[in-house]
Amino acid sequence: MRVTKFFGIILLIIGVYLMFNLYKSSLPMIYGSKVKAKVIGTESVKSKRFTYLYYPVIEFTYKNKVRKITDKSSDVDKDTLNVQLNIYYSEKYGISRGISAVNVIFSIIALAFVFFGFVALFKSKQKI
């Protein structure tokens, strides 16, 4: 009985934590504006694996100001230039590239954790 209740609480905590992080990562999409950006260069950073990562430096116009930002959420090839991107930008929350397959998979996992957490909690109240 107690093990099932403890397991259900752990599943609920993990599921809520995943949902909260997905919400935080989607804040630029919720409160930001969709703008077209252009990759104007790359910024190289030494990786832990003895190689270099190349982050895109993007340029876009937001509220009649030209902004240049390094997008450290993903890396690109060294020779990637003049590529058009659709991004969401908010001054408060930063940039986001939109919903990806990773976001969808983690939201399904989070919902499954929450669902099975509730199932385990309600199952522990019944006597077998």
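Residues numbered from 1 in each chain as written. Predicted model: local features only at pLDDT ≥ 70, side-chain atom pairs only at ≥ 80, totals over all residues. Heavy atoms only, no water.

Draft legend 1. Inspection of the overall build of the chain at higher detail. From N to C terminus, the chain includes three helices and five strands. Taken from the N to the C terminus, the helices and strands of the chain come in the order α-α-β-β-β-β-β-α. Compactness check: the chain gives a C-alpha radius of gyration of 21 Å against a globular reference of 14 Å for 128 residues, more than 25% above the reference. Across its three principal directions, the C-alpha atoms of the chain cover 65 × 40 × 20 Å. Evaluated residue by residue, the chain yields a buried proportion of 29% over its 128 residues. (Helix = DSSP H or I, 4+ residues; strand = E, 2+ residues; numbered from the N terminus. Rg over C-alpha atoms; globule rule 2.2 N^0.38 Å. Buried < 20%, exposed > 50% of the residue type's maximum accessible area, 1.4 Å probe, protein only.)

Draft legend 2. Focus on the packing of aromatic side chains. This structure, assessed with the given rule, holds five aromatic pairs. Arranged with centres 6.3 Å apart and planes meeting at 20°, the rings of F118 and F122 form a pair that is stacked. Of this pair, F118 and F122 both sit in helix α3 (residues 101-125), separated by four residues, roughly a single helical turn. Here a set of aromatic residues connected by ring pairs shows up, and it is made of F60, Y62 and Y89. (Phe/Tyr/Trp six-rings, centres within 6.5 Å; stacked < 30°, edge-to-face > 60°.)

Draft legend 3. Inspection of helix α1 (residues 2-25) at higher detail. The end-to-end C-alpha distance of α1, which contains 24 residues, comes to 35 Å, matching closely the 34 Å that a straight helix rising 1.5 Å per residue would cover. Along α1, the residues classified as buried are G8, L11, L12, G15, L18 and L22. (Expected span 1.5 Å × (residues − 1).)

Draft legend 4. Looking closely at the nonpolar core. If you look at the biggest cluster of nonpolar residues, it comprises nine residues: V35, A37, V39, I58, F60, Y62, L85, I87 and Y89. What V39 contacts, discounting residues up to four positions off in sequence, is P56, V57, I58, T80, L81, N82, V83 and L85. (Core = buried A, V, L, I, M, F, W, Y, C linked by side-chain atoms within 4.5 Å. Contact = heavy atoms within 4.5 Å.)

Draft legend 5. Representation of the layout of surface pockets within the structure. As a volume, the largest pocket reaches approximately 200 Å³. As for the largest pocket, its lining consists of K24, S25, P28, S73, S74, Y93, I95, S96, R97 and G98. Secondary-structure elements contributing two or more residues to the lining of the largest pocket are α1 and β5 (94-96). When the residues that make up the lining of the largest pocket are grouped by side-chain class, the tally is three nonpolar, five polar and two charged. (1 Å grid on protein atoms, 1.4 Å probe; cavity = no way out; pocket = protein on both sides within 12 Å on 5 of 7 lines; lining within 4 Å. Points joined across faces, edges and corners; volume = space filled by probe spheres on them. Nonpolar A, V, L, I, M, F, W, Y, C, P; charged D, E, K, R; others polar.)

Draft legend 6. Expanded view of the sheet that holds strand β2 (residues 52-62). Reading across the sheet, the five strands line up as β3-β2-β1-β4-β5 and stay open at both edges, with antiparallel pairing between neighbours. This sheet does not close on itself; its edge strands, each paired only once, are β3 (65-70) and β5. Strand-to-strand twist across the sheet, computed as the mean angle between neighbouring axes with direction ignored, equals 40°. Alignment of strand β1 (residues 33-46) against strand β4 (residues 84-90), held across six bridges, turns out to be antiparallel. Within β4, the residue paired with S33 across the bridge is Y89. (Pairing = 2+ DSSP bridges. Axes fitted to C-alpha atoms, helices over the stretch in contact; angles between N-to-C directions.)

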